[in-house]
Amino acid sequence: MGRKILLITTDQQRYDALGCNGGQIARTPVADKLAATGVRFERGYCQNTVCMPARSTILTGQYVRTHGVIANGIPLPVDAPSIAAVLAGAGYRTALLGKAHFEPIADPKRLWTENQLAAEGSTGPYRGFEHVEFCTHGAFGASHYATFMKDNHPDERGGFAKIFSNKPTGETGAPEISYNPVPRELYHTDWIADRVVAWLDSLSADDDWFCWMSFPDPHHPWDPPGSERYRVNWRDLDLPAGHPGSDAKIREILGNKPAHWLAWYEGRIGNVDAAPGNFVPASMTHDQFREVLALIHIENELIDEACGRVLKRIGERGWDADTDVFYTADHGEFQGDYGLLYKGPYHTDSLMRLPYVWRPAPSAGITPAVVTEPVGQLDLAPTFCAIAGVPVPDWMDGSPLPTSAGSDRVRAITEWDSQLDTGYHFRTIVRDGWMCTAYEPSTPDEGLPMALIYSQYGMTDPVEKIVYDGTEGELYHLGDDPHQFINRWNDPACAKLRGELVADLYDNLPPARQPALAVQALA
């Protein structure tokens, strides 16, 4: 009997969501204990700031330019490599329970396997996972959770908020809020924990296994069970440290970044890659931010408690000493930083920096540590190979995670390529305490037409179209400027450093997949 692997992922959860990373609102004792008894990575980064590219990187161990899912709406090819298949080939039992999203969710014709499996009531196999049960956001659409709710609790589905809606909701008129009347035990966070426990209980005591437990929260819409609203009162919250505090200060900070930052804040362009098409960040009040934050903190607490229930069952099965537990997210969320909400084509710690914890199996004898060197999502799959005792395949771009401080890790790289005809392209390197983002020339004639997307929201085209020529960029010192407020890209004192960082960035990027894969859906 060898080591087992539990991968826990959340959706759109920030680094500072956890108490061990400085979070002061949500109580996360389970994740904090994993960190205290394992390896906590202070600089874990996603390779893309939206769902499908980031999740495909976790599955493949590859940069987005390698696996080809460079934006949402691009299905991961059916022949793409998978860490689940590698582990299954080594004798592991494998399961994915919760949100997958390697293929578009916006799929009314059921073109892709993820949605077909749920519609057919099939539980796999799928991409190396022998057993899958999917869940997305809410109780409708093609997912196993939606089917469960429809078949067993049809009257409990109406309290979920509508995703990507800018309709005023909640007590403050913020978007995508619901104090959901669904009983907690039927909410998808607890449902996923139930399904993981059920799958674990189907295994033999001597099975080696890899389980990916993937929570859709705290991604919008923010609609946890209303019974849990007592946990955090939005009226008691301060604005987050990354919120500049006033409209004037927001405009000053965003005005020193490339043009699409301030333009989105003011509503002169959209951010349909990742937010409601008619959402204007400048319209958000401080109380609306507070209400959204309260619900996110509540969802984070529910996730932590669900993790505790699964870990308790692992202990009851006698597996704890031989189980490696990983906790991370696909990407982050603004949550009021810069006066913004959601995510999108914006490279900053708010969106790129992840909660990233590895509690090695106690039997491995690895000493608890804090690692400050940068690591990435693409390092998870190679680490799983090392745990399982199988060679890291040549097609993986990452490498096994370090287990102590003072490793030779020097950089993390994050990329952006737009799915829309906004055509933004930029690459970011985090190295030596700096974050450097190089903008490439825009391709405004490629991707899904913004006009088509806006028509779906009953809107006209955005007022402006911003086109970059490739001379733009962003440069921040992470120690002196932890919220990345001061863009030093054009600072003459940083010219030499900027050049060195950009050169190192491109020297360490693999070639882009050719031909590029086409965008086939919005999300």
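Below: a short report on this structure.

### Remarks on the overall build of the protein
Helix and strand counts for the protein come out as 14 helices and 17 strands. Relative to the compact-globule value of 24 Å for 523 residues, the protein shows a C-alpha radius of gyration of 22 Å, a close match. Taken over the C-alpha atoms alone, the protein extends approximately 60 × 55 × 45 Å along its principal axes. A total of 523 residues make up the protein; the buried ones form 60% of that total. If you take every contact in the protein between residues at least 6 apart in sequence, the share linking residues at least 24 apart comes to 75%. As presented, the protein carries roughly 18,400 Å² of accessible surface, and 51% of it is formed by carbon and sulfur atoms. In the protein, 44 positive and 69 negative side-chain charges are present, and the distance between their average locations comes to 2 Å.

### Some thoughts on the layout of surface pockets
The space that makes up the largest pocket amounts to roughly 980 Å³. Counting residues per element, the lining of the largest pocket draws most heavily on helix α13 (residues 450-456), at three residues. Grouping the amino acids of the lining of the largest pocket by side-chain chemistry returns 21 nonpolar, 14 polar and six charged. Approximately 740 Å³ is the volume found for the second largest pocket. Taken together, 31 residues form the lining of the second largest pocket, with R14, D16, G22, P240 and A241 sitting closest to its centre. Contributions of two or more residues to the lining of the second largest pocket are made by α10 (286-316) and α11 (349-352). Broken down by element, the lining of the second largest pocket gets its largest block of residues, four residues, from α10. Of the residues assigned to the lining of the second largest pocket, the class counts are 12 nonpolar, 12 polar and seven charged.

### Some points on the packing of aromatic side chains
How two aromatic rings sit relative to each other is given by the distance of their centres and the angle of their planes. If you walk through the whole model with that rule in mind, you get 29 aromatic pairs. The ring of Y179 carries the charged tip of R229 above its face, separated from the ring centre by 3.8 Å. The ring of W261 carries the charged tip of K257 above its face, separated from the ring centre by 4.6 Å.

### Re helix α9 (residues 259-266)
Here α9 lies mainly inside the structure; six of its eight residues are buried. Taken residue by residue, α9 has H260, W261, L262, A263, W264 and Y265 as its buried positions. Buried residues in α9 make contact with α8 (247-255), β15 (425-431), β16 (434-440) and β17 (473-477). G267 sits one or two positions beyond α9 and adopts a positive phi of about 85°.

### Section: the sheet that holds β17
The strand order β14-β15-β16-β17 describes an open sheet built from four strands, whose pairing is antiparallel. The outermost strands of the open sheet, each flanked by one partner alone, are β14 (411-417) and β17. On average, each strand axis in the sheet is tilted by 10° relative to the strand beside it, whichever way the strands run. Where β14 meets β15, seven bridges bridge the pair, whose relative direction is antiparallel. For I413, the partnering residue across the bridge sits in β15 and is I429. Packing of helix α14 (residues 495-507) onto the sheet brings it into contact with β14, β15, β16 and β17, and relative to β16 it is tilted by some 70°.

### Let's talk about empty space enclosed by the protein
Scanning the entire structure with this criterion turns up three cavities of 30 Å³ or more. Reported here for the largest cavity is a volume of approximately 70 Å³. Contributing to the lining of the largest cavity are G98, K99, A100, H101, I105, E114, N115, F134, C135, T136, A142 and S143. Within the lining of the largest cavity, the residues separate by chemical class into five nonpolar, five polar and two charged.

### As for the pairing of β15
Extensive coverage of β15 is indicated by the burial of six of its seven residues. Connecting the antiparallel pair β15 and β16 is a turn made up of two residues, with D432 showing a positive phi of about 55°.

### Things to note about the side chain of T189
Structurally, the position occupied by T189 is in helix α7 (residues 188-201). A residue is classified by how much of its surface remains accessible, and T189, at 1% relative accessible area, is buried. Ignoring sequence-local partners within four residues, the contact set of T189 consists of F215, D217, L302, I303 and A306.

### Structural notes on helix α2 (residues 51-60)
Counting buried residues in α2 gives 10 out of 10 residues, a clear majority hidden from the surface. Among the residues of α2, those classed as buried are C51, M52, P53, A54, R55, S56, T57, I58, L59 and T60. Against β1 (4-11), α3 (64-67), α4 (83-89), β8 (209-218) and α12 (380-388) lie the buried residues of α2. After α2 finishes, the residue G61 shows a positive phi value of roughly 70°.

How each quantity is defined
- Residues numbered from 1 in each chain as written.
- Predicted model: local features only at pLDDT ≥ 70, side-chain atom pairs only at ≥ 80, totals over all residues.
- Heavy atoms only, no water.
- Helix = DSSP H or I, 4+ residues; strand = E, 2+ residues; numbered from the N terminus.
- Rg over C-alpha atoms; globule rule 2.2 N^0.38 Å.
- Buried < 20%, exposed > 50% of the residue type's maximum accessible area, 1.4 Å probe, protein only.
- Contact = heavy atoms within 4.5 Å.
- Areas by Shrake-Rupley, 256 points an atom, 1.4 Å probe, with all protein chains shown as cover.
- Lys, Arg positive; Asp, Glu negative; His and termini not counted.
- Charge placed at Lys NZ, Arg CZ, Asp CG, Glu CD.
- 1 Å grid on protein atoms, 1.4 Å probe; cavity = no way out; pocket = protein on both sides within 12 Å on 5 of 7 lines; lining within 4 Å.
- Points joined across faces, edges and corners; volume = space filled by probe spheres on them.
- Nonpolar A, V, L, I, M, F, W, Y, C, P; charged D, E, K, R; others polar.
- Phe/Tyr/Trp six-rings, centres within 6.5 Å; stacked < 30°, edge-to-face > 60°.
- Lys NZ or Arg CZ within 6 Å of the ring centre and 35° of its normal.
- Pairing = 2+ DSSP bridges.
- Axes fitted to C-alpha atoms, helices over the stretch in contact; angles between N-to-C directions.

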